[in-house]
Amino acid sequence: MLFQFSRHLQRAVRSNRHVPSIRSFSNILHALSARGFIQQVTSPTELENALRSRQVIYCGVDPSASSLHVGNLVPLMCLLHFQLHGHTIIPLIGGATGLVGDPSGRKTERMPVNVAQVEQNVQALTESINTFFRHGLSHAKRKSRLPSVSDIASDPEVKSNLEWHKNFTMLEFLREVGVHARAYDFYHLHSTFGCTVQIGGSDQWGNIVAGLEFINRLNLSKSSEDRKAFGITTPLLTTPSGEKFGKSAGNAIWLNSQLTSVFDFYQYFLKVQDSEVERYLKLFTFLPLSEIENVMDAHNSEPDKRTAQRRLASEVTEMIHGGMSQMEHPLNAKSLIEAFTGDPRMSLCEKAELTSVPVAKLASKYGLVSSSSNARQLIQSKGLYFNDHVVPDVRFTLEKSDLLDGCAVMVRAGKDKVILLATTGN
């Protein structure tokens, strides 16, 4: 059934490349499939029919950290697309279930969490989620050529399942919920708010199906129409080794600039492999599919320029951090200094020092490398850079014309280690 639905969507996409993207309730699955959001769905034909009218859709967010991370983006972007199509959305923070932990898709169990910490995380995540949807809606209006969406609220009502779990006594919990703790949220949202669709990563398929069964079991007295609910899973964002991104995996790229700098956030998307960049453009931007095709044509003609990665990094950074369009050209002194503010990798120094001390010694003095000899070895192997240019020899010294906007220089060792040196005077 799932395969039949997938083929049906593929035929629709081929016959209408420019899939409508808003205010037509019923085309949402076609639009999402064309962009790569659909992994699995339950009862696909019935879900298509249900989506011809306004539905309430929810997606859960784990509360084990105080910030969203890149791993959260796929299901949240999917939820945002539903909002843009006129459906009602509920981002749900799993405050109660977060106290228990969910090892789904993990190689190791999550460490026990502190109750007070979870409550603090719920507060912080509520603001983080509201910020994401506020920026995302604004960005979508500018980028996706959508009709007016002024009637769509920028901030959905974020909920935490602590609201309904905290008042359970032990006996009530065992009697009403029992082994279906992870399924109860869907049932509660279904019976209280009319929620009919749950979105989750593909590792949540079992939990989603359990929620559907729980709804059917507790609503036997209601009509089949009133009991009907659906599940959608999205693909997981994983590392090259197959691990999913997240706090527990130790590889999170945070949406909070205090945890992951804007520069590092931009760099993450700039380093996406060629084999993944088209998929990421479809998932993480609101560029029309025809424009993505043009970007990829330009990229494939000159892959070394990384045209697609630069567009991806610029679009996502602007959407998440707002007003950061200058990051499309990252070697810009103003945007770099803003991105590195508060980051220990930025140092202030006199301009005279930058134009009189060899780059090799600057790299050592300001902590990019452990010693001048290490810097010399990097230069010999063409691995030390200033503003993305190779440092040609160990005696090379910057001139004023080498400084970005006359006041800064980015020095890089290899692919990942960087420092920013900004001047304090003339």
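The shown structure was predicted, so the numbers you read here are calculated from the model rather than taken from an experiment.

Within the chain, the regular secondary structure consists of 18 helices and 11 strands. Scored against the burial criterion, the 426 residues of the chain give a buried share of 51%. Intrachain contacts of the chain at a sequence separation of at least 6 include 72% that bridge at least 24 residues. Accessible surface computed for the chain: about 19900 Å², of which carbon and sulfur atoms make up 49%.

Of the residues in the chain, 78% have a pLDDT of 70 or more, and the chain-wide mean is 83. Taken as a whole, residues 1-23 scores under 50 in pLDDT and shows 39 contacts with residues more than four places along the chain or in a different chain.

Turning next to the environment of Asp388. Tracing the sequence through the fold places Asp388 in the loop between strand 8 (384-386) and strand 9 (389-390). Separated by 22 residues in sequence, Asp388 and Met410 have C-alpha atoms that sit 7.8 Å apart. Within the structure, Asp388 has its side chain in polar contact with the side chain of Arg412 (distance 3.1 Å).

Even without a glycine there, the phi angle at Arg306 is positive, about 50°. With respect to the helices, strands and loops of the structure, Arg306 is situated in the loop between helix 13 (289-301) and helix 14 (307-321). One non-glycine residue with positive phi stands out, namely Lys382, at about 60°. Looking at where Lys382 falls in the secondary structure, it is placed in the loop between helix 18 (372-380) and strand 8.

So, about the nonpolar core. With 66 residues, the main nonpolar core has Phe82, Phe132, Phe269, Phe284 and Leu312 as its most contacted residues. A total of 9 residues in this core trace back to one element, the largest contributor, which is helix 4 (residues 73-84). Residues Val359, Leu368, Phe386 and Val409 belong to the second largest nonpolar core, which totals 23 residues.

This part takes up the pattern of salt bridges. Applying the stated rule across the entire model yields 16 salt bridges. Salt-bridge contacts for Glu315 lead to Lys143; the nearest nitrogen and oxygen are separated by 3.4 Å. Taken together, the positions of Glu315 in helix 14 and Lys143 in helix 5 (residues 115-143) put the pair 172 residues apart, joining distant regions of the chain. Connected through salt bridges with shared partners, the residues Lys143, Glu291, Arg311 and Glu315 form a single ionic network.

Turning our attention to the packing of helix 12 (residues 274-284) against helix 13. Between helix 12 and helix 13, the shortest axis-to-axis distance is 10 Å and the interhelical angle comes to 160°. For the element pair helix 12 / helix 13, the angle class is roughly antiparallel. Of the two elements, helix 12 crosses helix 13, and the hand of that crossing is right-handed. Contacts between helix 12 and helix 13 involve Asp274, Val277, Glu278, Leu281 and Lys282 on the former and, on the latter, Leu289, Ile292, Val295, Met296 and His299. Class assignment of the residues belonging to the contact of helix 12 with helix 13 gives a composition of 6 nonpolar, 1 polar and 3 charged.

If you walk across this open sheet you meet the 6 strands as 1-6-5-2-3-4, and the pairing is mixed. Only two strands of the sheet have a single partner each, and these edge strands are strand 1 (40-41) and strand 4 (159-160). Direction of pairing for strand 1 relative to strand 6 (residues 230-234): antiparallel, over a ladder of 2 bridges. Bridge assignment links Gln40 to a residue of strand 6, and that residue is Thr233. Lying over the sheet, helix 4 contacts strand 2 (56-61), strand 3 (88-93), strand 5 (195-201) and strand 6, oriented at roughly 160° with respect to strand 2.

Below, the discussion takes up the side chain of His299. For His299, the location among the structural elements is in helix 13. The buried category is assigned to His299, whose relative accessible area is 1%. A polar atom in the side chain of His299 sits 3.4 Å from the backbone nitrogen of Ala308. Sequence-distant contacts of His299, defined by excluding residues within four places in its chain, comprise Asp274, Arg306, Thr307, Ala308 and Gln309.

The next point concerns helix 13. Between its first and last C-alpha atoms helix 13 spans 18 Å; for 13 residues at 1.5 Å apiece the expected length is 18 Å, and the two agree. What helix 13 keeps buried is the set Leu289, Ser290, Glu291, Ile292, Val295, Met296 and His299. Considering only its buried residues, helix 13 is in contact with helix 2 (28-34), helix 12 and helix 14.

This brings us to the pairing of strand 6. For a regular strand, side chains alternate in direction, first toward one face of the sheet and then toward the other. Counting buried residues along strand 6, 5 of its 5 residues qualify, which places the element largely inside the surrounding structure. Of the two faces of strand 6, the one lined by Phe230, Ile232 and Thr234 and the one lined by Gly231 and Thr233 are each fully buried. Where strand 5 and strand 6 come together, 5 bridges link them in parallel fashion. Looking at strand 6, one finds that Ile199 is bridged to Ile232.

The rules we used
Residues numbered from 1 in each chain as written. Predicted model: local features only at pLDDT ≥ 70, side-chain atom pairs only at ≥ 80, totals over all residues. Heavy atoms only, no water. Helix = DSSP H or I, 4+ residues; strand = E, 2+ residues; numbered from the N terminus. Buried < 20%, exposed > 50% of the residue type's maximum accessible area, 1.4 Å probe, protein only. Contact = heavy atoms within 4.5 Å. Areas by Shrake-Rupley, 256 points an atom, 1.4 Å probe, with all protein chains shown as cover. pLDDT = per-residue confidence, 0-100. Polar contact = N/O pair within 3.5 Å; in protein donor to acceptor, adjacent residues only side chain to side chain. Core = buried A, V, L, I, M, F, W, Y, C linked by side-chain atoms within 4.5 Å. Salt bridge = Lys/Arg side-chain N within 4 Å of Asp/Glu carboxyl O. Axes fitted to C-alpha atoms, helices over the stretch in contact; angles between N-to-C directions. Parallel < 35°, antiparallel > 145°, perpendicular 65-115°, else oblique. Left-handed = near helix turned anticlockwise from the far one by under 90°. Nonpolar A, V, L, I, M, F, W, Y, C, P; charged D, E, K, R; others polar. Pairing = 2+ DSSP bridges. Expected span 1.5 Å × (residues − 1).

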